[in-house]
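# Close look at the chain arrangement
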Amino acid sequence: MDPSDLYQKTIEELFHTLGTSANGLSSSEAGRRQEQFGPNAIEEKEGSPLLKLLFYFWGPIPWMIEIAALLSFFLRHFADCILISSLLFINGLIRYFEEKQAGNALQALRRNLALRALVKRDGTWQEIEATLLVPGDIIRLRIGNLIPADAKLISEGALSVDQSTVTGESLPVSKEKGDLLYSGSVVKRGEMEALIVATGKKSFMGKTAELVLKAGAPSHFQRAVLQIGKFLILLSLSLVFLIIAIQLSRGESFFIIAEFVLVLLIASIPVALPAILSVTMALGALRLSRMQALVTKLESIEEMAGIDTLCSDKTGTLTENRLQWIDTFLSPSATKEELSTAAAGSCRKEDKDPIDLAILEYAKEPRQIRFTPFDPTAKRASGTILTEEQREVEVTKGAPQVVLTLSQPGKEERATMERRIDLWAEKGYRTLGVARKENEQWKLLGLIALADPLRADAKETIARAKEHGITIKMVTGDHSAIAKDTLENLGLGTKIITAAGLQETEIEKIDGFAEVVPEHKLQIVDALQKRGHLVGMTGDGVNDAPALKQADVGIAVHPSTDAARAAAALVLTKPGLSVIIKAIEEARCIFERMQSYAIYRIAETVRIIFFITSCILIYNFYPITPLMIIMLALLNDIPLLSIAYDNTSIDQNPVRWKMQQIIIIAALLGALGVIESFLLLFLLKSFTSLTLSALQSAFFLKLSVAGHQTLFVARTKNAFYRPPYPSLILLIAILATQTVAALITGFGLLITALPWHLIGLIWIYTLTWIFFIDRLKILTWKKIVDTP
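The sections below set out a description of the structure shown in this document. Nothing here was measured: the structure is a model prediction, and the numbers come from that model. (Residues numbered from 1 in each chain as written. Predicted model: local features only at pLDDT ≥ 70, side-chain atom pairs only at ≥ 80, totals over all residues. Heavy atoms only, no water.)

### Overview of a nonpolar patch on the surface
On the surface, Leu627, Leu743, Phe747, Leu749, Leu750 and Trp756 cluster together into a nonpolar patch covering about 640 Å² of accessible area. Note on Leu749: relative accessible area 45%, which makes it partly exposed. (Patch = residues over 30% accessible without salt bridge, like charges linked within 9 Å, V, L, I, M, F, W, Y side chains within 5 Å. Areas by Shrake-Rupley, 256 points an atom, 1.4 Å probe, with all protein chains shown as cover. Salt bridge = Lys/Arg side-chain N within 4 Å of Asp/Glu carboxyl O. Buried < 20%, exposed > 50% of the residue type's maximum accessible area, 1.4 Å probe, protein only.)

Below, the structure written as structure tokens:
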């Protein structure tokens, strides 16, 4: 049967349906059911590490790089083959090792199952591994036990159960005979027997694991890299085929054409694009780790920069996931000291009861002589304390209606108390009544309100998130009254719906969602993503794991369960939410660096391949040699790994890959670079008597110098000479490579030497152009900035 049907049955019906009794199963029957239902564990599907590694070498860009490497090998250009293969392999390894831990959610959920359980088999109690439990088993639960499977309580008594990491409810829940317990919950108080109803993947936690397995959103970063790669590859191949056709028609040797086409492809195909972007993100992940935020999936850094909606779990994320004494309502004849002393006197610290701990944190613990634990029938706990006058006084605390009945206050006072109880109930507070015995009569001292307090930095973090263009939506398993009060205290609004209203409501207009289960959290994230939002999800419990994995960026706050950490893309290692904003700011800086390189890479491809193709078609000569193209690729791309250290501005709004804008800017910079090169060609042909080889050296220098100047223009939407200035590391790397290019040209290393004055003139020429190109770039950005 479906476990959800079993959950609704009475104890007697379950005994009949599951073929068991209060004496449990026999060992032979348990063994048979073990074969039928399988182990009480979450199945773990491990993929081959080799296949996972090979995945990073599969796709349009890797294919083209691999083809280029093979062509280099067959044409005996072994140095080129080694260089290309190394870049491809480095990129694959970076991504493989950085993301190795991203798929551990199922394993972590499995570890949340209890290791051992006390079960009744063959009529006797025995301790066995929790994985051997089957539906129909009878187990005994005690304080501190992790509940090993979904079960229904069958004995008399009461349990206090913390199921916050399963359902998201912030307060411990009282459970009595006939109530259902979820696997993964923790017994905080009491001892009872229970009937196992569902195990393994059929349990509540098992269903959560299935959701984690199904969850997952495609990476915008992967799509962006693929778009850039496709654009450059198609552009390059189109012009390469044109060159081959024209040169063959002119009688050029096929092997000469093939050799030139190979190196041209190496220069134009983004061989280093994946590696540079991966290194940029990996170094960004290292910086985030120093901020106590660990990245488990590299692409999440780029996704984080674009988050516009943050779905925040309430319990343990916006609140501290503990009870706190937050309000007091005194009886007219009582003092606050009398009430707090009586409340503390009916607590016992060593029991570690959440309610008792909240009271004892607030009130001074008196000298206690006797203590009677909470009785689920009487619904109160009592104690006898010794006053300063060495007088014994009996005190009690418990359900407010019970304490009111016990103390019998006047009609007017009772009505006042009941109004206060109703008011606190609307806010979702847990209310306790407190009384003291005087002259054999109970005297009402007042009421205590307990609630899960907000984190100290929650309001500030939410305000900063709004400043960064991020909408906050609260998602919780708590009752709507508790959720609404939390929303109001945080200043997030008042529009809140329960899980039942998810299908009918416009999700974007809602401030918070209450009484949700993992399936609902997944629905919320998925619905927002379908409406075009980049969604971040914070959480700390098992119940958050599926939504954390489905979100564009899942954020496990501290402290969190293994399941939440493994499903998340970002794991916080210190309490509080403020690090999330720092992480988003860092992610937006990283995004700016990646976008700068993407614009530069496209512009460079357009500039080089269009200029070379045009020279071949119009003048029937090669403006640079194959060797020069290889040196250009080295001088241009290798130092650009330092772009990962560049200074950038922080956009105050979420940022995304807008390929139309990127291609327009890149095409503009590339086209202006082609015009710049042709004008230089005209000037050199008209006013100098350079040989063909010297002319090629001049263009090698020009393309090298102007290339990195293009990066200075591409890295900012503002004037290149205004802040943020290039980082010292980037500046040194570029100046060093340009010095190398000048020395190669000046001393004639592997190419024809040029006079130093001509080298200086080429530098001045390119520097003059950079101001003109930069001005057109600024005007173009202003025109297209609102383009979707």
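### Structural notes on the pairing of strand 17 (residues 441-451)
Taking burial as the measure, the eleven residues of strand 17 include nine buried ones, the bulk of the element. Taken together, the six bridges between strand 12 (residues 324-330) and strand 17 define a ladder with antiparallel strand orientation. Counterpart to Trp325 in the pairing with strand 17 is Leu450. Bridging between strand 16 (residues 430-438) and strand 17 involves nine bridges; their strand directions are antiparallel. (Helix = DSSP H or I, 4+ residues; strand = E, 2+ residues; numbered from the N terminus. Pairing = 2+ DSSP bridges.)

### Remarks on the sheet that holds strand 14 (residues 380-386)
Taken together, six strands build an open sheet; the order of strands is 12-17-16-15-14-13 and the sheet is antiparallel. Since the sheet does not close on itself, it has two edges, and those belong to strand 12 and strand 13 (367-375), each with one partner. Averaged over neighbouring strand pairs, the angle between their axes works out to 25° when direction is ignored. Relative to strand 16, strand 15 (residues 392-398) is paired through four bridges, and the arrangement is antiparallel. Residue pairing in the sheet places Lys397 in a bridge with Val434 of strand 16. With respect to the sheet, helix 16 (residues 354-362) is in contact with strand 12, strand 15, strand 16 and strand 17, its orientation differing from that of strand 12 by roughly 75°. Here helix 18 (residues 411-426) sits on the sheet in contact with strand 12, strand 16 and strand 17, set at roughly 15° to strand 17. (Axes fitted to C-alpha atoms, helices over the stretch in contact; angles between N-to-C directions. Contact = heavy atoms within 4.5 Å.)

### Some thoughts on the layout of surface pockets
When its volume is computed, the second largest pocket comes out at roughly 810 Å³. Every residue lining the second largest pocket is counted, 37 residues in all, and those nearest its centre are Ser174, Ile355, Arg430, Thr431 and Leu432. For the lining of the second largest pocket, the secondary structure elements donating two or more residues are strand 6 (173-176), helix 16, strand 13, strand 14, strand 15, helix 17 (400-407), helix 18 and strand 16. Looking at the lining of the second largest pocket residue by residue, the classes come out as 17 nonpolar, nine polar and eleven charged. (1 Å grid on protein atoms, 1.4 Å probe; cavity = no way out; pocket = protein on both sides within 12 Å on 5 of 7 lines; lining within 4 Å. Points joined across faces, edges and corners; volume = space filled by probe spheres on them. Nonpolar A, V, L, I, M, F, W, Y, C, P; charged D, E, K, R; others polar.)

### So, the pattern of salt bridges
In this structure the tally under the stated criterion is 29 salt bridges. Close ionic contact of Glu29 with Arg32 constitutes a salt bridge, the shortest N to O distance being 2.7 Å. Placement of the pair is Glu29 and Arg32 together in helix 3 (residues 27-37), with a separation of three residues, close to one helical turn. By relative accessible area, Arg32 is classed as partly exposed at 44%. Sharing partners across several salt bridges, the network here consists of Glu29, Arg32 and Arg33.

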